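Secondary and tertiary structure notes
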Amino acid sequence: MKKAVALAVAGGDERQVFLARLLHADGHEVSTYALERQTLGEPALRVIHEPVRELHTMRAIILPVPVVQGEHHLNAPLSNAPHRIDELLDALPSGMLVLGGAISPAVRTRAETNGLHMIDYLARDELAIRNAVPTAEGAIQIAMEELPITLHGARVLVVGNGRIGRALSRRLACLGALVSVSARSNADFARIESNGLTALDTRALAGHLADFDAIFNTVPVRVIGLAELSELRADCLIVDLASKPGGVDLTSAGKLGRKAIWALSLPGKVAPLSAAKAIRDTVYNILREEGIL
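Parameters at a glance
- Residues numbered from 1 in each chain as written.
- Predicted model: local features only at pLDDT ≥ 70, side-chain atom pairs only at ≥ 80, totals over all residues.
- Heavy atoms only, no water.
- Pairing = 2+ DSSP bridges.
- Helix = DSSP H or I, 4+ residues; strand = E, 2+ residues; numbered from the N terminus.
- Axes fitted to C-alpha atoms, helices over the stretch in contact; angles between N-to-C directions.
- Contact = heavy atoms within 4.5 Å.
- Buried < 20%, exposed > 50% of the residue type's maximum accessible area, 1.4 Å probe, protein only.
- Right-handed = clockwise from strand over helix to strand, strands pointing away.
- Arc of directions from axis to C-beta.
- Salt bridge = Lys/Arg side-chain N within 4 Å of Asp/Glu carboxyl O.

Spatial strand order, S11-S10-S9-S12-S13-S14: 6 strands in an open sheet with parallel pairing. Looking at which strands have only one partner, the edges of the open sheet turn out to be strand S11 (198–201) and strand S14 (259–262). For this sheet, the mean angle separating the axes of adjacent strands, direction not counted, is 20 degrees. The strands touched by helix H6 (residues 163–174) within the sheet are strand S9 (155–159), strand S10 (178–183) and strand S12 (214–217), with S9 carrying the most contacts at an inclination of about 165 degrees.

Rendered as structure tokens:
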């Protein structure tokens, strides 16, 4: 690493806690904000109490995934008090590098108005690829806990053949599940079939769903609505892995008595240290590109 820099880590879950530890272990001067309910275990980590006075010396601030909880507050489940995101952004000096995951349009607009340089690290390919692994493992963990049968021999459908879909379908097949994967392109159909799996068309799932024991959705647009849900067996487990707005009609699922779980932020829940290492590596890539490291 070329040099050590002063960085702030603000809000978030255990991923941010581990991230602060990792950055400090690499020799950086790390300050934390809105993480006071977590014992960081590092006496050299400075805690920020007054953002307006203390953040101006930082080279960058790292916000959590997602940045906001609701519309107006920093996502800070480990803080003792709520923190308005606009007040935090207003405390930052113009030109400061602000990194965050799943940045909302309102937050981005506020940052631009304040002259901040904001980058969404969750949109980076290297992080998306690494995050696919804990997401897939977490989805399998949910299925093992919720299904009354083994995954070995279970008939499962993975909706979507992107990074998460591919990581998940491979692992399910290795466990002995009978895996179908849906996609939208002829190239993806060929890839799915070349891996020994059954290919379905995401645009025409209705009529093909009655036999599945579990369905995992990875597509962040509505693909499993009332028609598809009505076709499922009553004991079919549905796990939606897609980011907001999700791909499953949860309201209709509830009315039909289908068990549907919207499993958001699985990397932070099932493997926070691994997730933090992936964020750290992505942050370093950005800092190098911005000439800070």
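S9 sits mainly inside the fold: 4 of its 5 residues count as buried. As judged from the 5 bridges shared by S9 and S10, these two strands associate in the parallel manner. From the neighbouring strand, Leu-157 faces S10, where its bridge partner is Ser-180. A crossover connection joins S9 to the parallel S10 through H6; in handedness this β-α-β unit is right-handed.

Buried residues of helix H7 (residues 186–194): Asp-188, Phe-189 and Ile-192, and no others. For H7, the arc enclosing every buried residue in end-on projection is 105 degrees, short of the 170-degree limit, so these residues lie on one face. What points out from H7, more than 90 degrees from its buried face, is the exposed set Asn-186 and Ser-194. Positive backbone phi, approximately 80 degrees, marks Gly-196, located one or two places after H7.

So, on to the sheet that holds strand S2 (residues 29–33). With parallel pairing, the 6 strands of this open sheet are ordered in space as S3-S2-S1-S4-S7-S8. The open sheet has two free edges, formed respectively by strand S3 (46–47) and strand S8 (117–120), since each of these has just one partner strand. With 3 bridges joining them, strand S4 (residues 60–62) and strand S7 (residues 97–100) adopt parallel strand pairing. In the sheet register, Ile-61 faces S7, and the bridge partner there is Val-98.

So, on to the pattern of salt bridges. Counted according to the given criterion, the structure contains 15 salt bridges. Arg-84 is the partner of Asp-86 in a salt bridge, and the nearest nitrogen-oxygen pair spans 3.1 Å. Judged by its relative accessible area of 32%, Arg-84 falls in the partly exposed class. Across the pair Arg-163 and Asp-125 runs a salt bridge, and its minimum N-O distance is 2.7 Å. In this pair, Arg-163 is assigned in helix H6 and Asp-125 in helix H5 (residues 125–146), connecting sequence segments 38 residues apart. Take Arg-163: its relative accessible area is 36%, and that puts it in the partly exposed class. Look at Asp-125 and you get partly exposed, because its relative accessible area is 47%. Via salt bridges that share partners, Arg-124, Glu-126 and Glu-289 belong to a single interconnected network.

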